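Coordinates in review
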Amino acid sequence: VSSFTESLEKDLGTVPTYCKERADVMDKFLGSSSESVKEETNDEGTKKTTTKEQSTKSNGAESHRKEAVLAIDIQYYTVAKNTMQKVMTAYLSIIDFVVKNKDKIEMPKGSSGGSGYSSMY
């Protein structure tokens, strides 16, 4: 069970890297955006101006970016699928162990109910 636990912890540790990698590729794919807020104060009051800028890149690399996003999604889907299979294997192993040792679990001292033969000598 401990080997399953270590393996699952390692696999589940990759979830944050998936989010980061996908976000990086999506930022490159969608382009960058920025927002700036400018405040001016005069005799009449405060005036706020919000400016949003979004730049898109159209240099023919869009299909490569789509492929990169797809590759990351497929890679981490495979990791998630394998992790789920490990979880199912561990779960079935535990159930098998419990079923095989049902008698010992229900009656740890055996069917006689007491301790076995003991002699002082």
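What comes next is a walk through the structure. (Residues numbered from 1 in each chain as written. Predicted model: local features only at pLDDT ≥ 70, side-chain atom pairs only at ≥ 80, totals over all residues. Heavy atoms only, no water.)

Turning to the packing of helix α1 (residues 2-12) against helix α3 (residues 62-100), a few remarks are in order. Contact pair α1 / α3: the axes reach a minimum separation of 10 Å and the direction vectors enclose 160°. When the axes of α1 and α3 are compared, the pair comes out roughly antiparallel. Both α1 and α3 take part in a crossing whose hand is left-handed. Counting all contacts with α1, which are made through Phe-4, Ser-7, Leu-8, Asp-11 and Leu-12, the residues of α3 involved are Val-79, Thr-83, Lys-86, Val-87, Thr-89, Ala-90 and Ser-93. (Axes fitted to C-alpha atoms, helices over the stretch in contact; angles between N-to-C directions. Helix = DSSP H or I, 4+ residues; strand = E, 2+ residues; numbered from the N terminus. Parallel < 35°, antiparallel > 145°, perpendicular 65-115°, else oblique. Left-handed = near helix turned anticlockwise from the far one by under 90°. Contact = heavy atoms within 4.5 Å.)

Here Tyr-77 lies in helix α3. Each C-alpha atom of the pair Tyr-77 and Tyr-18 lies 9.9 Å from the other, and the pair is 59 residues apart in sequence.

Take a nonpolar patch on the surface next. A cluster of nonpolar side chains, Val-1, Ile-94, Phe-97, Val-98 and Ile-105, forms an exposed patch at the surface whose accessible area comes to about 500 Å². Residue contributions to the nonpolar patch peak at three residues, all from α3. Position of Phe-97 relative to the elements: it lies in helix α3. (Patch = residues over 30% accessible without salt bridge, like charges linked within 9 Å, V, L, I, M, F, W, Y side chains within 5 Å. Areas by Shrake-Rupley, 256 points an atom, 1.4 Å probe, with all protein chains shown as cover. Salt bridge = Lys/Arg side-chain N within 4 Å of Asp/Glu carboxyl O.)

So, on to the packing of aromatic side chains. In this structure the tally under the stated criterion is one aromatic pair. Arranged with centres 5.0 Å apart and planes meeting at 55°, the rings of Tyr-18 and Tyr-76 form a pair that is tilted. Taken together, the residues Tyr-18 in helix α2 (residues 15-30) and Tyr-76 in helix α3 connect sequence positions 58 residues apart. Residue classification places Tyr-18 among the partly exposed positions, given a relative accessible area of 25%. Residue classification places Tyr-76 among the buried residues on the basis of a relative accessible area of 12%. (Phe/Tyr/Trp six-rings, centres within 6.5 Å; stacked < 30°, edge-to-face > 60°. Buried < 20%, exposed > 50% of the residue type's maximum accessible area, 1.4 Å probe, protein only.)

For the structure shown, the criterion picks out four salt bridges. For the salt bridge of Lys-20 with Asp-24, the shortest nitrogen-to-oxygen distance reads 3.4 Å. One end of the pair, Lys-20, and the other, Asp-24, are both in helix α2, four residues apart, so they sit about a helical turn from each other. The closest approach of N and O atoms between Arg-22 and Asp-73, which form a salt bridge, is 2.7 Å. Highlighted residues: Arg-22 in helix α2 and Asp-73 in helix α3, separated in sequence by 51 residues. For Asp-73, a relative accessible area of 23% gives the class partly exposed.

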